[in-house]
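Each chain is listed here by its residues.
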Amino acid sequence: MKGVGLRRLTFMFLVAFLVWSSSIETCIARKSKHWRHGTSVSLYKKKTKDHSHGHHNYHNGGTKTKPPPYKTTPPSPKVKAPPSPSPKPKVKVPSIPPPQKGYGNGQQSKVFDVLHFGAKGDGKTDDTKAFQAAWAAACKVQASTVVVPAKFIFLVGPISFSGPYCQANIVFQLDGTIIAPTDSKPWGKGILQWLEFTKLKGITVQGKGIIDGRGSGWWLDAPYEDPYDDERKLIIPLNNTVQERPPMPVRNELSGKMPSIKPTALRFYGSFNVTVTGITIQNSPQCHLKFDNCIGVVVHDMSVSSPGDSPNTDGIHLQNSKDVLIHGTTLACGDDCVSIQTGCSNVYIHNVNCGPGHGISIGSLGKDNTKACVSNITVRDIMMHNTMNGVRIKTWQGGSGNVQGVLFSNIQVSEVQLPIVIDQFYCDKRTCKNQTAAVALSGITYEKIRGTYTVKPVHLACSDSLPCIGVTLSAIQLKPMQERYHLYDPFCWQSYGELTTPTVPPIACLQIGKPPNNRVQSNYDVC
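Along each chain, residues carry numbers from 1 onward, in the same order as the chain's sequence is written. Only residues with pLDDT of at least 70 are given local features in this predicted model, and only at 80 or more are side-chain atom pairs given and counted; all residues enter the totals for whole chains, interfaces and linings. By convention in this description, side-chain values take in all heavy atoms of the structure and omit both hydrogens and water.

Peer 1: Help me get a handle on the UniProt feature "active site" (unreviewed entry) in the chain, residues and values and all.
Peer 2: UniProt positions are given in the numbering used here, feature names are shortened, and annotations may be inferred rather than shown by experiment. Sites flagged by UniProt as "active site" (unreviewed entry) map to His-358. Working definition: helices are DSSP H or I runs of at least four residues, strands are E runs of at least two. Numbering for both runs from the N terminus. Note on placement: His-358 falls in the loop between strand 20 (344–354) and strand 21 (360–365). To sort residues, take the accessible area from a 1.4 Å probe on protein chains only and compare it with the maximum for the residue type: under 20% means buried, over 50% means exposed, and anything in between is partly exposed. For His-358, a relative accessible area of 5% translates into the label buried. Only heavy atoms matter for contacts: two residues are in contact if any of them lie within 4.5 Å across the pair. The contact partners of His-358, leaving out residues within four places of it in the chain, are Asp-229, Arg-232, Gly-334, Asp-335, Asp-336, Met-388, Asn-389 and Arg-392.

Structure representation (structure tokens):
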């Protein structure tokens, strides 16, 4: 029994050991499988999470946690961790400022300040080359701006801001002062213009600055044979003494011997879409502002200022120019406030103050037997004070061509010597020979011309061979002021048209209708 019992005990111990060994092996196997799989996933998740937290901590000034390297099976190649986004700085970067004015080289800026091209602006140093350099740079850039800054005085000699290869729509921003030389050396033997813009498309001169021609030296040196306004022959003082020449301005320190050819202060030639606004032009040696062969001209809110006794200093001179608008200007000068010459059409002038000066004139036309053509001119809403003429048309004997379609409306005159003038016997020399040919005048309307005069209210002197036709007078109310001149009644010669309303004074000299032997215009007269 002992032997049986021992064998049973041994068998049971063996079975128990085998069962225990099997359990240990199964447990170890399961535990190993679970550990490997769990380690792989948790490492992948931890890597992704660390990237996210690393970016968040960096943005907020924290420390990025670097994940440990893989020590077991890496994640499946089909699944890739998203790339880490670039960190964003905390401080906002300001935008790049625009280039500083004046340092443009044609590519970096559209603004060209003359100071940055060497101009001194001290009123003594010759800044001509600096202006030329600034223009040369601006010329290459469309819609560029040349700046002449305020609070500086620039001494500039004769200069041409020229195309035709410049880009379009250049602005000349004039806020400072430009002065002309007062010694003769920069002018040589004489020059026709001081500051000139030529052959440009879309040129604008604007600002609050001044162009000062310092012309007193030129006026004092004007030769006796210089042209003078022929209407002076109609103005006889009460003491019956006729001054052949107006008194010259008082001599000052700027006076000197200058060339006989006097320059225009500011001239535009052969340009399209020209604008002049805001500026002041003063004391020009001759004409202040001139437009030759231009199309599309706008002048507004600017001024001209020169003494009333400065010779031949027209305010605005138009020649061979079309589609012109002038308004909101103040013109004080020693000659015509506005002079409209041959080749002009579609000109509209309104809201202009004129005086002193010689009024607003068409002409003189047809000088030296030339052909003149002027059409579609409107002058209205004008204030004139202390001028020689009001609204005037003046032509030379021997000319050809025609003037037609002219309206002078709502002109307020104050102490004007000759408010309404047509003079087809104009002569600005001592003597002129009589000739039968003439510039034909037709379709001239005067309406609402009111105010006071000091010599003669109406003077209509037309050609014997080619009378004026279609002259219309309406709502004329002109009252005399006895001062220092003889007073005269209205005068008419070879003038035909109609009076649509009673006039003050009565203008009985105007012949109603058409001339009985009116010569038909020939091809020589037609424009």
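So that's the structure; there's more coming.
Peer 1: Just give me the short version of the confidence of the model for the chain, but keep the residues and values in it.
Peer 2: Known as pLDDT, the predictor's confidence for each residue is given on a scale from 0 to 100. Put simply, the chain has an average pLDDT of 82, and 74% of its residues get 70 or more. Note on residues 18–107: pLDDT under 50 across the span, and 44 contacts to partners over four residues away in sequence or across chains. Every residue in residues 249–255 is under pLDDT 50, and counting partners more than four places away or in other chains gives 13 contacts.

Peer 1: Now, about the nonpolar core: what can you tell me, with residues and values included?
Peer 2: Within soluble globular proteins, side chains that are nonpolar tend to cluster in buried spots. Only buried residues count toward a nonpolar core, which is a set of Ala, Val, Leu, Ile, Met, Phe, Trp, Tyr and Cys residues joined through side-chain atoms within 4.5 Å. Judged by nonpolar contacts, the single largest core of 98 residues is most densely connected at Phe-268, Phe-291 and Tyr-446. Phe-268 has contacts with Phe-197, Ile-203, Val-205, Val-274, Val-276, Leu-289, Lys-290, Phe-291, Asp-292 and Cys-294, leaving out every residue within four places of it along the chain. Counting residues in each nonpolar core, the second largest holds seven residues, with Ile-235, Met-388, Leu-418 and Val-455 among its members.

Peer 1: Which residues make up the side chain of His-288, and what values do they have?
Peer 2: By secondary structure assignment, the location of His-288 is in the loop between strand 13 (280–282) and strand 14 (289–292). Any N or O atom pair separated by 3.5 Å or less is treated as a polar contact, with the protein-specific requirement of one donor-capable and one acceptor-capable atom, and with residues adjacent in sequence counted only for side-chain atom pairs. Within the structure, His-288 has its side chain in polar contact with the backbone nitrogen of Ser-284 (distance 3.3 Å).

Peer 1: Please give an account of the sheet that holds strand 25 (residues 418–423) that cites residues and values.
Peer 2: Hydrogen bonds along the backbone pair up the strands of a sheet, which may run parallel or antiparallel. As summarised here, the arrangement of the eleven strands in space is 5-8-11-14-17-19-21-23-25-27-30, forming an open sheet in which the pairing is parallel. On the outer flanks of this sheet lie strand 5 (159–162) and strand 30 (491–493), each paired with one strand and no other. When strand polarity is set aside, the average angle formed by the axes of neighbouring strands in this sheet is 15°. Between any two strands, pairing holds if DSSP finds at least two bridges. Here four bridges tie strand 14 to strand 17 (residues 316–319), and the two strands are oriented parallel to one another. The partner of Asp-292 across the bridge, within strand 17, is Gln-319. Against the sheet, helix 2 (residues 128–139) makes contact with strand 5 and strand 8 (193–198), and its axis sits at roughly 5° relative to strand 5, the strand it touches most. Axis geometry follows a simple rule: fit a line to the C-alpha atoms, using only the stretch in contact for helices, then measure angles between N-to-C directions, giving values from 0 to 180 degrees.

Peer 1: Let's hear about the packing of aromatic side chains: which residues, and what values?
Peer 2: For any pair of aromatic rings, the description rests on two quantities: the centre-to-centre distance and the angle between the ring planes. Two rings from Phe, Tyr or Trp (for Trp, the six-membered ring) form a pair when their centres are within 6.5 Å of each other. A pair whose planes differ by under 30 degrees is stacked, one over 60 is edge-to-face, and the rest are tilted. Enumeration according to the criterion identifies 13 aromatic pairs in this entry. Geometrically, the ring pair formed by Phe-161 and Phe-172 is tilted, given 5.3 Å between the ring centres and 55° between the ring planes. Pair noted here: Phe-161 is in strand 5 and Phe-172 is in strand 6 (residues 170–174), with a separation of eleven residues, a long-range link. Residues Phe-161 and Phe-172 agree in their burial class; the two are buried. Considering the side-chain rings of Phe-197 and Phe-268, the 5.3 Å spacing of their centres and the 15° angle between planes classify their relative orientation as stacked.

Peer 1: Explain the pairing of strand 6 to me, and be specific about the residues and the numbers.
Peer 2: Counting buried residues in strand 6 gives five out of five residues, a clear majority hidden from the surface. The alternating pattern of strand 6 places Ile-170, Phe-172 and Leu-174 and Val-171 and Gln-173 on opposite faces, both of which are buried. Pairing of strand 3 (residues 145–148) with strand 6, which is carried by four bridges, proceeds in the parallel orientation. Opposite Thr-145, over in strand 6, you have Val-171 as the bridge partner. Sheet topology places strand 6 next to strand 9 (residues 201–206); four bridges connect them, and they run parallel. Residue pairing for strand 9: Phe-172 is matched across the bridge by Val-205.

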